[in-house]
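# Remarks on the overall topology
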Amino acid sequence: MFRDKDEIFYALSDTQLLALLTKHEAGGEIKEGQIAVMCVIKNRVVEGGYFIDSSLLRNGLSNYKCIIMKNVYVSNINRFIYQFSCFNDSDPNRYRMEVEAISGIIPEDLSNLAENVIYGDTIDNTDGSNHYYNPNVVMKEPEWAKNAEFKKMIGNHLFLRI
């Protein structure tokens, strides 16, 4: 069963959802940085496994939605959070994204980039990264990043592979 508050995101196409995520995770980044964030999602789709929320997959959602909307349990705060912070209730982007999803305000340039990453011939500019974070936003290096392989920095984001 879906969480009611996420239904609006499930109704979007993969392209729309990836564009919306990118706007709120990397909207201020250069184009290469926005493509890189999208490539991380695509790399997770290709890898499958851990990254996919199997409960969402059983409900018929695409691999992209199952990755983008996955919740993970974080023991030190004793709660589930989304893999991508812009979907968390505590993130001010969550409300903005809901409004944009309901009203259909998805930036055309990001939709075009997302379509090219998902269906086109966009080359992965992250060297196979499956994680990223912005050290200017995150006050402390994430625990998961400690043993990750650094791939590159694009814009303000570090791209890593676990």
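The present account deals with the structure reproduced in this document. (Residues numbered from 1 in each chain as written. Predicted model: local features only at pLDDT ≥ 70, side-chain atom pairs only at ≥ 80, totals over all residues. Heavy atoms only, no water.)

### A short note on the pattern of salt bridges
- Scanning all chains against the criterion turns up nine salt bridges.
- Put simply, D14 and K65 hold a salt bridge, and the shortest N to O gap is 3.6 Å. With D14 in helix α2 (residues 14-26) and K65 in helix α5 (residues 63-68), this pair connects stretches of sequence that are 51 residues apart. The exposure classification of D14 matches that of K65, with both residues buried.
- The residue R94 makes a salt bridge to E98 at a minimum N-O spacing of 2.8 Å. (Salt bridge = Lys/Arg side-chain N within 4 Å of Asp/Glu carboxyl O. Helix = DSSP H or I, 4+ residues; strand = E, 2+ residues; numbered from the N terminus. Buried < 20%, exposed > 50% of the residue type's maximum accessible area, 1.4 Å probe, protein only.)

### Quick notes on the layout of surface pockets
- Considered as a void within the structure, the largest pocket measures approximately 1300 Å³ in volume.
- I81, Q83, S85, P142 and W144 are the residues nearest the centre of the largest pocket, which is lined by 38 residues in total.
- For the lining of the largest pocket, the secondary-structure elements that each account for two or more residues are α2, β1 (71-74), β2 (79-82) and β3 (131-133).
- A class-by-class count of the residues in the lining of the largest pocket yields 17 nonpolar, 13 polar and eight charged. (1 Å grid on protein atoms, 1.4 Å probe; cavity = no way out; pocket = protein on both sides within 12 Å on 5 of 7 lines; lining within 4 Å. Points joined across faces, edges and corners; volume = space filled by probe spheres on them. Nonpolar A, V, L, I, M, F, W, Y, C, P; charged D, E, K, R; others polar.)

### Side note on the side chain of R94
- Checked against the element boundaries, R94 lands in helix α6 (residues 92-103).
- A relative accessible area of 2% means that R94 is categorised as buried.
- Among the polar contacts listed, one links the side chain of R94 to the backbone oxygen of K5, at a separation of 3.0 Å.
- In contact with R94, not counting residues within four places along its chain, are K5, D6, F9, Y82, C86, F87, N88 and D89. (Polar contact = N/O pair within 3.5 Å; in protein donor to acceptor, adjacent residues only side chain to side chain. Contact = heavy atoms within 4.5 Å.)

### Examining the packing of aromatic side chains
- On inspection of all chains with the given rule, the structure shows six aromatic pairs.
- When the centroid spacing of 6.0 Å and the interplanar angle of 45 degrees are considered together, the rings of Y82 and F87 count as tilted. Note on accessibility: Y82 and F87 belong to one class, buried.
- Aromatic pair F84 and Y132: ring centres 6.2 Å apart, planes at 25 degrees, arrangement stacked. Within this pair, whereas F84 is found in the loop between β2 and α6, its partner Y132 is found in strand β3, the two being separated by 48 residues in sequence. In this pair, the class of F84 matches that of Y132, namely buried.
- Three or more aromatic residues joined by ring pairs make a cluster, and in this case those are F9, Y82 and F87.
- When the ring centre of Y50 is taken as origin, the NZ or CZ atom of K70, which lies over that ring, is 3.9 Å away. (Phe/Tyr/Trp six-rings, centres within 6.5 Å; stacked < 30°, edge-to-face > 60°. Lys NZ or Arg CZ within 6 Å of the ring centre and 35° of its normal.)

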